[in-house]
Every structure is written in structure tokens, then in C-alpha cells.
Amino acid sequence: MLGWAYVAGVARPVEARPGSTAVARDRGSAIVVCGPTRLRRAAALERWYRRAARARLGALLATEAERLGVRPARLTIRAQRTRWGSCSTSGTVSLNWRLLLAPVAVARYVVVHELCHLRVPNHSRAFWDALEQALPEWRAGHQWLRRHETQLLRYRTIDSVP
Ligand SMILES: [Zn+2]
């Protein structure tokens, strides 16, 4: 049996294998998820997603922060039910692991959006001006999220695990 996971907007096959230890690994041709029950396999796939989100979104955050000349204090990966990211007054950027499912350009928009909050902490005109300068094509990512976010925020790994 095969399921599908989405990484950076690309569908990846998920292969389930029985096993006493719940663990997910990227085997190139498929994401292989082991575990004794479907629920345990789904939990393993979510852990895999969160690790992948930390690695990929973390790299994106570092690249964009350097390009923009800002320094976020740290990155936290969370499972917010209604939002993609946030930026605290102490400079901690929080990103939703489900952002990993979206195309890279969309993740970049959210990352740059949060980094702009390091300079302007609200959604005033000054903020949107800063965003426009940092990422002139930001509207495409913004609109993509508007169109797909309900579906994306509802994504559960149990739906991907056979
Ligand atoms: Zn914002």
C-alpha cells in the first residue's frame, strides 16, 4: 500500500512497513515509514516532517536573513492551527512545519515576511513597504497561501500513511 506526502509542493510516495519501532526515513524513491500501527506510523511521519522543516526552513531563514542583513535570535518549528509563522519581540521566528508542504517560493515569502517583522513588528504601511523591497514578488506567495491554506493547515500525516 502506498500513500503520498508533499515536500516543497512535490508529491512523494510514502511506503508503510510493519515494524516494532516507529520511524520514518527518506529513502530517495520513497519516504519509508515503519511502525506497528497506522497511528504510530503517522506520528513517525510527523516527526520526520518537523525535522525536515527545521533543516530546510532553517536553511532558508539563514540565507534570507543574511541577504536582508537581519539576525533572528532563533527558529522554532511549531504546529500552529491558524497561522504560518510569527516573530516575537525577542527575535524568535516561529514557523509552521506544514509550510514544508508548500512550494519553496511560498515558504520563502513567509520567511521573508517574518524577517521583515524584525524591523517593523506590525502590519503598518512601513511593514508592507519593507516587504516589497525585500521580496518584490511577495504577492504570488501571499495569494497562493490564501487559496490553499485551509487545505494545507488541515493536513494530517495519518492521511498520508497507509
Ligand atoms: Zn505578519
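Scroll up for the structure.
Only a predicted model underlies this, so the values are computations on that prediction, with no experimental measurement involved.

Would you take a moment to explain the coordination of the zinc ion for this structure?
Four donors placed tetrahedrally about a metal ideally form angles of 109.5 degrees, and six donors placed octahedrally ideally form angles of 90 or 180 degrees. On the protein side, the zinc ion has His 113 (NE2), His 117 (NE2) and His 123 (NE2) as donor atoms, found 2.0 Å from it. Here the donor residues of the zinc ion are spaced in sequence according to H-x3-H-x5-H.

Can you walk me through the pairing of strand β4 (residues 31-34) in this structure?
As a general feature of sheets, a regular strand has side chains that alternate between the two faces. The two faces of β4 match: Ile 31 and Val 33 on one face and Val 32 and Cys 34 on the other face are all buried. With 4 bridges connecting them, strand β2 (residues 10-17) and β4 associate as parallel partners. Following the sheet pairing, Arg 17 is matched in β4 by Cys 34. The sheet contact formed by strand β3 (residues 23-26) and β4 spans 4 bridges and is antiparallel. Directly across from Asp 26, in β4, lies its bridge partner Ile 31.

Can you walk me through the packing of helix α1 (residues 38-68) against helix α2 (residues 104-119) in this structure?
Helix-helix packing is described using two parameters, namely the angle between the two axes and the distance between the axes. With their axes 10 Å apart at the nearest point, α1 and α2 run at an angle of 50° to one another. Viewed along their axes, α1 and α2 adopt a mutual orientation that is oblique. Where α1 crosses over α2, the two elements pack in a sense that is right-handed. Mapping the contact onto sequence places Leu 57, Leu 60, Leu 61, Glu 64, Ala 65, Arg 67 and Leu 68 in α1 and Val 104, Ala 107, Arg 108, Val 111, Val 112, Leu 115 and Arg 119 in α2. In terms of residue class, the contact of α1 with α2 is built from 10 nonpolar, no polar and 4 charged.

It is not clear to me how the packing of aromatic side chains should be interpreted in this structure. Could you clarify?
Here a ring pair, both rings aromatic, is described through the centre-centre distance and the interplanar angle of the planes. Applying the stated criterion across every chain yields a total of 7 aromatic pairs. Look at Tyr 49 and Tyr 155: their rings are 5.8 Å apart centre to centre, the planes differ by 80°, and that puts the pair in the edge-to-face class. Here the residue Tyr 49 occupies a position in helix α1, and Tyr 155 occupies one in the segment after α4 (138-153), the gap between them amounting to 106 residues. There is no split in this pair, since Tyr 49 and Tyr 155 are both buried. An angle of 75° between the planes, with centres 6.2 Å apart, marks the rings of Trp 97 and Tyr 155 as edge-to-face. In this pair, Trp 97 is assigned in the loop between β7 (92-96) and α2 and Tyr 155 in the segment after α4, connecting sequence segments 58 residues apart.

How should I be thinking about the nonpolar core in this particular structure?
Core analysis: the largest hydrophobic core is formed by 50 residues, its most contacted members being Ile 31, Leu 45, Trp 48, Tyr 49 and Leu 95. Counting residues per element, the ones that place at least two in this core are β1 (2-7), β4, α1, β5 (74-78), β7, α2, α3 (125-134) and α4.

I would appreciate a short explanation of a positive patch on the surface in the present structure.
There is a patch of like positive charges on the surface, built from Arg 25, Arg 27, Arg 40, Arg 47 and Arg 51. Per element, the largest residue contribution to the positive patch is 3 residues, and it comes from α1. Mapped onto the elements, Arg 40 comes out in helix α1. Classification of Arg 40 by relative accessible area gives partly exposed; the value is 42%.

What should I look at first to understand the environment of Val 111 in this one?
Looking at the secondary structure, you find Val 111 in helix α2. Its relative accessible area of 0% is what places Val 111 among the buried residues. Note: C-alpha distance between Val 111 and Ala 11 (100 residues apart in sequence) is 22 Å. Look past the residues within four positions of Val 111 in its chain and what remains in contact with it is Leu 60, Leu 61, Glu 64 and Leu 95.

Could you clarify how one ought to interpret the sheet that holds β5 in this entry?
Two strands in a sheet stick together by hydrogen bonds in their backbones, pointing the same way (parallel) or opposite ways (antiparallel). Judged by pairing direction, the sheet is mixed, and its 3 strands sit side by side in the order β5-β7-β6 without closing on themselves. Because the sheet does not close on itself, it has two edges, and the strands there are β5 and β6 (85-87). Adjacent strand axes in the sheet meet at a mean angle of 15° when their direction is disregarded. Taken together, the 5 bridges between β5 and β7 define a ladder with parallel strand orientation. Bridging from a neighbouring strand, Arg 74 pairs with Thr 92 of β7. Against the sheet, α2 contacts β6 and β7, and its axis sits at roughly 15° relative to β6.

About the criteria used
- Residues numbered from 1 in each chain as written.
- Predicted model: local features only at pLDDT ≥ 70, side-chain atom pairs only at ≥ 80, totals over all residues.
- Heavy atoms only, no water.
- Donors = N, O, S within 2.8 Å, 3.2 Å for Na, K, Ca; no water.
- Buried < 20%, exposed > 50% of the residue type's maximum accessible area, 1.4 Å probe, protein only.
- Helix = DSSP H or I, 4+ residues; strand = E, 2+ residues; numbered from the N terminus.
- Pairing = 2+ DSSP bridges.
- Axes fitted to C-alpha atoms, helices over the stretch in contact; angles between N-to-C directions.
- Parallel < 35°, antiparallel > 145°, perpendicular 65-115°, else oblique.
- Left-handed = near helix turned anticlockwise from the far one by under 90°.
- Contact = heavy atoms within 4.5 Å.
- Nonpolar A, V, L, I, M, F, W, Y, C, P; charged D, E, K, R; others polar.
- Phe/Tyr/Trp six-rings, centres within 6.5 Å; stacked < 30°, edge-to-face > 60°.
- Core = buried A, V, L, I, M, F, W, Y, C linked by side-chain atoms within 4.5 Å.
- Patch = residues over 30% accessible without salt bridge, like charges linked within 9 Å, V, L, I, M, F, W, Y side chains within 5 Å.
- Areas by Shrake-Rupley, 256 points an atom, 1.4 Å probe, with all protein chains shown as cover.
- Salt bridge = Lys/Arg side-chain N within 4 Å of Asp/Glu carboxyl O.
- Lys, Arg positive; Asp, Glu negative; His and termini not counted.
- Charge placed at Lys NZ, Arg CZ, Asp CG, Glu CD.

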